[in-house]
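# A look at the structure
Here's the letter readout for the chains.
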Amino acid sequence: MNINIEKQTNGIELIKIENASSKIVFTNFGARIVSWKIDDNNIVLGNEVEADEFYPNNPFYFGATVGRFGGRIENGTFKLNGETYQLEQNDVPHHLHGGKNGLSDKLFDYEIEEEAHRVRVIFRSQLTEEMDYYPGDIDLKVIFTYDETSTWTIEYEAIATKDTLFNPMNHVYFNLNSDNKVVDNHVLSSDKIQMFPLGDNNLPVLQPIDLVEVFGQTSINLGELFEAKDERIASQVTKVQGLDHPFEVDKGTFTLSNDILTLHVQTDTPQVVIFTLNDTTGWKSPMNIYKAHSGVTIETQSMPNDINLLGEHAHSIIKAKQPFYAKTSYRIENKMS
Ligand code: GAL
């Protein structure tokens, strides 16, 4: 496999890795995926050429490592071990994506390990309680592996000085179409597909809608989901103009596909947030070439706001000095070959 480093301005570097049939590009700015090309079709949203200008300004968290807590936390507040913590309310009135000093805009240190059939990029960073107001400091690694089977694997390893919350995710947007078309033709498949509705405060309610039961099938076309007659689904789609919802799938395994490509996803996180980039008009920039539904995120994480919904049973709680590990992989396959 071939590796190339491109240095842009402000310490932003691109790490370009190629196998026989595809090319993937990462950056140290927010430990992001920038591009993933299969036969010239870039299947993720991003900007390789102007990465150093694009990413520091992009409000949609394109391809970023997000944390320490991936989703929203209601009113930016939570209780842990009897203490109440107040976080930044950067998505008024909620806390979102770890706040402005979260992982997505950090310049990560990194090293590259080249092995026979794969390349590993080991990104390192720290989070401190002074910076993001959660309890405890965290030392963390985000390890991206790319291999000859065209599988991109993300592993998170972390250790905290105090009991705290840790729920990192990657905010990659996929669009498997080779033309400019939106993602409404994409199909989500798994033996179990449960969608958690959002309540009035845009936070999930723990009463999922069983989409396999509603549709009578284990494959769901996003366009059909957007047009669904079922009132529970229709009101959710109208609410956010698409999807911005947590899902639970069978054993963390599912595929996203169009006519040509299948993306196989496997995760050990309990939920996945699927967001269809529903409104792009807020970003006033000539670099904003994106329209609604230009991409669909597959953000593997635990339930947004789980700490307030589930208290001490929240999956996102990690104990002091106990190693944290999570893993997600995405494998792209051409249906024709
Ligand atoms: C999603 C979130 C959306 C939106 C987006 C960033 O994860 O659920 O509501 O904030 O990130 O543009």
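Residues numbered from 1 in each chain as written. Predicted model: local features only at pLDDT ≥ 70, side-chain atom pairs only at ≥ 80, totals over all residues. Heavy atoms only, no water.

In terms of residue burial, strand 3 (residues 22-27) counts as a mostly covered element, since five of its six residues are buried. Direction of pairing for strand 2 (residues 13-18) relative to strand 3: antiparallel, over a ladder of five bridges. Bridge pairing in strand 3 links Lys16 to Val25. Following strand 2, the chain reverses through three residues before pairing antiparallel with strand 3. (Buried < 20%, exposed > 50% of the residue type's maximum accessible area, 1.4 Å probe, protein only. Helix = DSSP H or I, 4+ residues; strand = E, 2+ residues; numbered from the N terminus. Pairing = 2+ DSSP bridges.)

What follows deals with the pairing of strand 7 (residues 77-80). Of the two faces of strand 7, the one lined by Phe78 and Leu80 is fully buried and the one lined by Thr77 and Lys79 carries no buried residue. Of the pairings in the sheet, the one linking strand 7 to strand 8 (residues 83-86) comprises four bridges and is antiparallel in character. Across the sheet, residue Leu80 finds its bridge partner in strand 8, namely Glu83. The turn joining strand 7 and strand 8, which pair antiparallel and follow one another in sequence, is formed by two residues; a positive phi near 50° is taken by Asn81.

Taken together, nine strands build an open sheet; the order of strands is 9-10-11-12-27-22-21-16-19 and the sheet is antiparallel. The open sheet has two free edges, formed respectively by strand 9 (109-114) and strand 19 (219-221), since each of these has just one partner strand. Recorded for the sheet is a direction-independent mean angle of 15° between the axes of neighbouring strands. Pairing analysis gives nine bridges linking strand 11 (residues 138-147) to strand 12 (residues 151-160), with the strands arranged antiparallel. Of the residues in strand 12, the one forming a bridge with Thr145 is Thr153. (Axes fitted to C-alpha atoms, helices over the stretch in contact; angles between N-to-C directions.)

What follows covers the site of the ligand. Taken together, Pro59, Phe60, Tyr61, Arg72, Leu96, His97, His171, Tyr173, Asp244, Phe275 and Glu299 form the complete shell of residues around the ligand. Here Arg72 contributes a side-chain N or O atom positioned 2.8 Å from an oxygen atom of the ligand. The contact in question runs from an oxygen atom of the ligand to an N or O atom on the side chain of Asp244, over 2.5 Å. Protein contact buries 86% of the 310 Å² of open area that the ligand shows by itself. For the shell around the ligand, a count of residues per class yields six nonpolar, two polar and three charged. (Near = heavy atom within 4 Å. Polar contact = N/O pair within 3.5 Å; in protein donor to acceptor, adjacent residues only side chain to side chain. Areas by Shrake-Rupley, 256 points an atom, 1.4 Å probe, with all protein chains shown as cover. Nonpolar A, V, L, I, M, F, W, Y, C, P; charged D, E, K, R; others polar.)

Moving on: the environment of Met169. Mapped onto the secondary structure, Met169 falls in strand 14 (residues 169-170). Considered as a pair, Met169 and Leu103 are 66 residues apart in the sequence and their alpha carbons are 10.0 Å apart. What Met169 contacts, discounting residues up to four positions off in sequence, is Ala64, Thr65, Val66, Gly70, His97, Tyr156, Glu299, Thr300 and Gln301. (Contact = heavy atoms within 4.5 Å.)

With that settled, consider the sheet that holds strand 2. Taking strand neighbours across the sheet as the criterion, the five strands line up as 1-2-3-4-5 in an open arrangement whose pairing is antiparallel. Strands at the two margins of the open sheet, each flanked by one partner only, are strand 1 (2-7) and strand 5 (41-42).

Our focus in this paragraph is the pattern of salt bridges. Per the stated rule, a full pass over the model turns up 19 salt bridges. Close ionic contact of Asp132 with Arg68 constitutes a salt bridge, the shortest N to O distance being 2.8 Å. Here Asp132, found in helix 2 (residues 129-132), pairs with Arg68, found in the loop between strand 6 (65-66) and strand 7; they are 64 residues apart in sequence, far enough to count as distant. Each member of the pair, Asp132 as well as Arg68, carries the same accessibility label: buried. Linking Glu113 and Arg120 is a salt bridge whose minimum nitrogen-to-oxygen distance equals 3.3 Å. Note on Glu113: relative accessible area 31%, which makes it partly exposed. Of the residues examined, Arg120 reaches a relative accessible area of 15% and is grouped as buried. Linked through salt bridges whose partners overlap, the residues forming this network are Glu113, Glu115, Arg118, Arg120 and Glu155. (Salt bridge = Lys/Arg side-chain N within 4 Å of Asp/Glu carboxyl O.)

In terms of nonpolar packing, the biggest core is built from 61 residues, with Phe26, Trp36, Trp152, Phe174 and Tyr330 touching the most fellow members. Ignoring sequence-local partners within four residues, the contact set of Tyr330 consists of Trp36, Ser150, Thr151, Trp152, Ile154, Val172, Phe174, Leu263, His264, Val265, Ile298 and Thr300. (Core = buried A, V, L, I, M, F, W, Y, C linked by side-chain atoms within 4.5 Å.)

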